[in-house]
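Descriptive structure summary
The residues making up each chain are set out below.
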Amino acid sequence: MTGRVQVDRVRAAHSFATFVSTALALLLVCFETAHAKPPADFTITLLSDGLTTGGLFRRPFDVVSADLDHDGDPDLLINWHHIEPLELFENREGQFIHLNPVGNDSTGLYDNAGIENLFVDPSAMSNLITASGKPGLYIWHDLTRTAFWRMCLYDPRLEFTGTRLDIETTLPITGRVGFGENTEIEHGAAGDDGRHASIAFETPSPRHDLGLRVRRNATELYLELTSTDGAAAPPIFVGSGLSAIPPDTAALSIWKPDPHGIAWVNVRDDPRPEIFIAEGGLGGELAPPARPRADRFYIGSATGPSHYTKVTTGMVPASYGRGRRVEWVDANSDGQLEVSISGEGTPTKILGGGESGAPMIDIAEEIGINGLVAPVQAWGDFNDDGRADLFYLSTDAIDVQRALPTGGFERIDGKEIGLAAPPVPRAASVIQPSALHFTDYDNDGDLDLWLVAHGRSGTNRLYRREPDRYTDVTTASGIATEGTDAIVFLDSDNDGDLDVVSLGKATRLWRNQGGGVFEVEPLAADVTPNQLRAATVADFDGDGRLDIFGVGQARYLLQNQTADNNRWLDVELSDGDVPAIGAVATAVYSDGSKQAQRLGSAASSAFSQTAEPLHFGIAEGIEVTELQIRWPRDGSLTSLRAPGAGRRVRMDRRDTSASH
């Protein structure tokens, strides 16, 4: 009997264990079901007006958002590289108004100061010239940016016979049209590099039509106009607006643009956030003896609803740099913002000064960052001391130029602090899409580091911040390791966990399940691969949920309609009259988690920067118990207890009180 009793007891124990295991499994399923995150829901709207390239494959360089007119609605600036002009859209309560369509541009965002539209159909331009009736030299470019520069000497009264036109181009001239019996051309007259042409208009004619094709899209046309018989040179008109060049102008420089990174940030307390655009270097072919080019800087103007004025006084120094990422930062902790510009094969520039229109000066050598060639870079704070440190992708790691308390910088080998990044084959494109981003993916209050779209396969790596070092958690986090052109960050459901949108070969949402583990969800039913190549995130419709504006073959607004009972808190950080770029805001939640965001990094893209208010999600049943701010330069701290929800908190370094 004893054996029978023991067997029965074992069976009873086994049955009880099975019962407990089953019950726990059912409870776990019920718990997960009750706490499962609702699926993200985005409604997609196509904005298709104003596209001029027809079936040409369109790959935008970038898109960035900022509050153009200080009305609380984030507006848009789209960079189509050298395929299309910049596009500026004003957000009017969720409706986007194109402010600079061709032929009706009042924004002042002209490629060349004072010239509204350089690109015109030849027949349309011919009609404009005839209709104007004004004798002179007319200059424009074909609509297709790989086509011809055009010139027409309109001389109905035959008064410009003896006029001489000397032309210099950045790269060799590859074709010409219209050079007939009424003109004489000395191709290469000023050298044998194929960049020069001298044209003498010796035979009287009421009209001389000429065209020159130059290698590559984004080049300069430099002209000198003289009269060999001592008479006045003809006046000059440029573009479809027939922009009149001042009559005493003997030489004229006109550029086809090559815009790369953009910083759309109010750094001067102007009526509009300034726009700084890094120009490319023609695939590395911009070099002496061709003239250097200057990056573009537009200052907000109060003369219209959305006007800008391009700085043309030599404020921005010219160089042969191949600009990539643009970022405002207090690089030397002096309380003034400088603009940092990385270069592809050319050294990093850090431009300081520029107050009251004075020239900006490259201070990179002065502050100890001299000769650093690293197109993939981002400013952060390695040791939380408030001083800006420069992270950059080297051959096999993400290295750091750490700011020293006594001034200057010291290099830290990334491999020694856990930031190894094994070399991968370069992407085929001249423009490498790789980027560095600082985000708090695991809600521990530390800014972690992402390496995105690295090399030909679009490799991604995620490094978790630890005290004084990083740990590679790419595999553990569940993110896709390849196939990305770019990523943007948002809290898609305002639950306090940071989600990720991956763009490129597979557009998808990496949903943060909590604790820094991601699972893939569809982004929107109507989004297919390759439709989105660049994107920006903001609350475009003012409902408290973060939306996505994406650009690819067209423009797409993905409005966030995710159903939940979560809330939000926006945080605006300033240092007097300008954004406190580099300040880190940390939301401390009632469940013990923390989320950190850095102003100037949180909503920035691979190449461009914005400094819009930081957006924190607040899950149902959770409160933000404290908002902590670590200010740049000295790392000083400010805190705000119980900031609430559904509001925008404004905090200034010089005034620790908060408002909304």
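Procedures and definitions
- Going along each chain's sequence as written, the residues are numbered from 1 onward.
- Local features in this predicted model are restricted to residues whose pLDDT is 70 or higher, and side-chain atom pairs enter the listing and the counts only when it is 80 or higher, whereas totals over whole chains, interfaces and linings include all residues.
- To obtain the side-chain values, all non-hydrogen atoms of the structure were included, while hydrogens and water were left out.
- We count a stretch as a helix when DSSP gives it H or I for four or more residues in a row; a strand needs E for two or more, and each element gets its number in order from the N terminus.
- Each residue gets one of three labels from its accessible area relative to the maximum for its type: buried under 20%, exposed over 50%, partly exposed in between, using a 1.4 Å probe on protein chains only.
- Whether two residues are in contact is decided by their heavy atoms: any pair within 4.5 Å suffices.
- Per-residue and other accessible areas follow the Shrake-Rupley method at a 1.4 Å probe size, with only the shown protein chains counted as cover for residues.
- A pair of strands counts as paired when DSSP detects no fewer than two bridges linking them.
- Note on definitions: angles span 0 to 180 degrees between N-to-C directions of axes, and those axes are lines fitted to C-alpha atoms, for helices only across the stretch in contact.
- Throughout, the protein atoms alone are placed on a 1 Å grid, and a set of points is a cavity if a 1.4 Å probe fits but cannot get out or a pocket if it is open with protein on both sides within 12 Å along at least five of seven lines; lining residues have an atom within 4 Å of a point.
- Grid points are joined across faces, edges and corners, and a volume is the space filled by probe spheres set on the points.
- When residues are sorted by character, Ala, Val, Leu, Ile, Met, Phe, Trp, Tyr, Cys and Pro go into the nonpolar class, Asp, Glu, Lys and Arg into the charged class, and all the rest, Gly among them, into the polar class.
- Ring pairs are drawn from Phe, Tyr and Trp, using the six-membered ring of Trp, whenever the two centres fall within 6.5 Å, and their geometry is named by plane angle: stacked under 30 degrees, edge-to-face over 60, tilted for the rest.
- A ring is considered to have a charge above it if a Lys NZ or an Arg CZ atom is located within 6 Å of its centre and within 35 degrees of its normal.
- In protein, a polar contact requires one atom able to donate a hydrogen and another able to accept it; more generally it is a pair of N or O atoms within 3.5 Å, and residues adjacent in sequence count only if both atoms are side-chain atoms.
- Charge assignment in this entry is limited to Lys and Arg as positive and Asp and Glu as negative, and neither His nor the chain termini are counted.
- The salt bridge criterion pairs a side-chain nitrogen of Lys or Arg with a carboxyl oxygen of Asp or Glu, the two atoms within 4 Å.
- Buried residues of nine kinds, namely Ala, Val, Leu, Ile, Met, Phe, Trp, Tyr and Cys, make up a nonpolar core once their side-chain atoms join them within 4.5 Å.

**Examining the overall build of the chain**
Of the regular secondary structure elements, the chain holds 4 helices and 51 strands. Here the chain holds 660 residues, and 56% of them are scored as buried. Residue pairs in contact within the chain that sit at least 24 positions apart in sequence constitute 58% of those at least 6 positions apart. Counting every atom, the chain has about 26500 Å² of accessible surface; 52% of that belongs to carbon and sulfur.

**Notes on the pairing of strand 24 (residues 338–343)**
Within strand 24, 6 of the 6 residues are buried, which leaves it mostly tucked inside the rest of the structure. Residues of strand 24 alternate between two faces, with Glu338, Ser340 and Ser342 on one and Val339, Ile341 and Gly343 on the opposite face, all of them buried. As defined by bridge partners, strand 23 (residues 323–329) adjoins strand 24 across 5 bridges and the pair is classed as antiparallel. Its bridge partner lying in strand 24, Val329 is registered against Glu338. Bridge count for strand 24 against strand 25 (residues 349–353) is 3 bridges, and the pairing is antiparallel. Looking at the pairing, Ser340 lines up with Ile350 of strand 25. Between the end of strand 24 and the start of strand 25, which pair antiparallel, lie 5 residues, with Gly345 showing a positive phi angle near 80 degrees.

**Quick look at the sheet that holds strand 44 (residues 584–589)**
Across the sheet, which stays open at both edges, the 4 strands sit in the order 45-44-48-49 with antiparallel pairing between neighbours. Of all the strands in the sheet, just strand 45 (594–598) and strand 49 (637–641) have a single pairing partner and so form its edges. On average, adjacent strands in this sheet sit at an angle of 15 degrees to one another, irrespective of strand direction. In terms of strand pairing, strand 44 meets strand 45 through 5 bridges, oriented antiparallel. Residue pairing for strand 45: Ala587 is matched across the bridge by Gln595.

**A short note on the sheet that holds strand 31 (residues 435–439)**
Note: strands within a sheet are paired through backbone hydrogen bonds, in either parallel or antiparallel orientation. What the 4 strands build is an open sheet, ordered 31-32-33-34; its pairing is antiparallel. Two strands lie at the open edges of the sheet, namely strand 31 and strand 34 (469–472), each paired on one side alone. Across the sheet, the mean angle separating the axes of adjacent strands is 25 degrees when strand polarity is ignored. As paired strands, strand 31 and strand 32 (residues 448–454) are joined by 5 bridges and run antiparallel to one another. By the bridge assignment, Ala435 is partnered in strand 32 with Val452.

**Section: empty space enclosed by the protein**
Summed over the entire model, instances satisfying the criterion amount to 4 cavities of 30 Å³ or more. Along its surface, the largest cavity is lined by 16 residues, and Gly386, Arg387, Ala388, Gly582 and Pro632 are the ones closest to its centre. Classifying every residue of the lining of the largest cavity by side-chain character gives 6 nonpolar, 4 polar and 6 charged.

**Topic: the packing of aromatic side chains**
What the rule picks out here adds up to 15 aromatic pairs. Considering the side-chain rings of Phe276 and Trp328, the 6.3 Å spacing of their centres and the 85 degrees angle between planes classify their relative orientation as edge-to-face. Taken together, the residues span a long stretch of sequence, with Phe276 in strand 18 (residues 274–279) and Trp328 in strand 23 at a distance of 52 residues. Taken together, the ring pairs connect Tyr441, Trp450, Phe489 and Phe518 into an aromatic cluster. A cation sits over an aromatic face here: Arg145 above Phe119, 3.7 Å from the ring centre. Lying over the aromatic face of Phe382, Arg465 brings its terminal NZ or CZ to 6.0 Å of the ring centre.

**Points about the environment of Arg653**
Residue placement: Arg653 occurs in the loop between strand 50 (647–652) and strand 51 (655–659). For the pair Arg653 and Ala580, spaced 73 residues apart in sequence, the C-alpha separation works out to 7.6 Å. There is a polar contact of 2.6 Å between the side chain of Arg653 and the backbone oxygen of Pro632. Looking at Arg653, its side chain comes within polar contact range of the side chain of Asp634, at 2.9 Å.

**Quick look at the side chain of Glu274**
Mapped onto the elements of the fold, Glu274 is located in strand 18. Within the buried core, Glu274 has no salt-bridge partner, and the shortest N-O distance to an opposite charge, that of Arg268, equals 4.4 Å. At 3.4 Å, the side chain of Glu274 forms a polar contact with the backbone nitrogen of Arg268. Filtering out sequence-adjacent residues up to four positions away, Glu274 remains in contact with Ala263, Trp264, Val265, Asn266, Val267, Arg268, Asp269, Phe297, Tyr298, Ile299 and Tyr308.

**Concerning the nonpolar core**
Grouped together as the largest cluster of nonpolar side chains are 40 residues, with contacts concentrated most on Phe276, Trp328 and Leu573. Setting aside anything within four residues of it in sequence, one finds Trp328 in contact with Ala263, Val265, Val267, Phe276, Phe297, Leu337, Glu338, Val339, Met360, Ile581 and Gln609. With 31 residues, the next largest nonpolar core counts Ile139, Leu171, Val214 and Ile236 among its residues.

**Digging into unusual backbone geometry**
Cis geometry marks the peptide bond from Pro288 to Pro289, where omega comes out at 10 degrees. The backbone of Ser333 sits at a positive phi, close to 55 degrees, despite the residue not being glycine. Among the secondary structure elements, Ser333 is positioned in the loop between strand 23 and strand 24. You will see that Asp468, though not glycine, has its phi angle at about 65 degrees, which is positive. With respect to the helices, strands and loops of the structure, Asp468 is situated in the loop between strand 33 (459–466) and strand 34.

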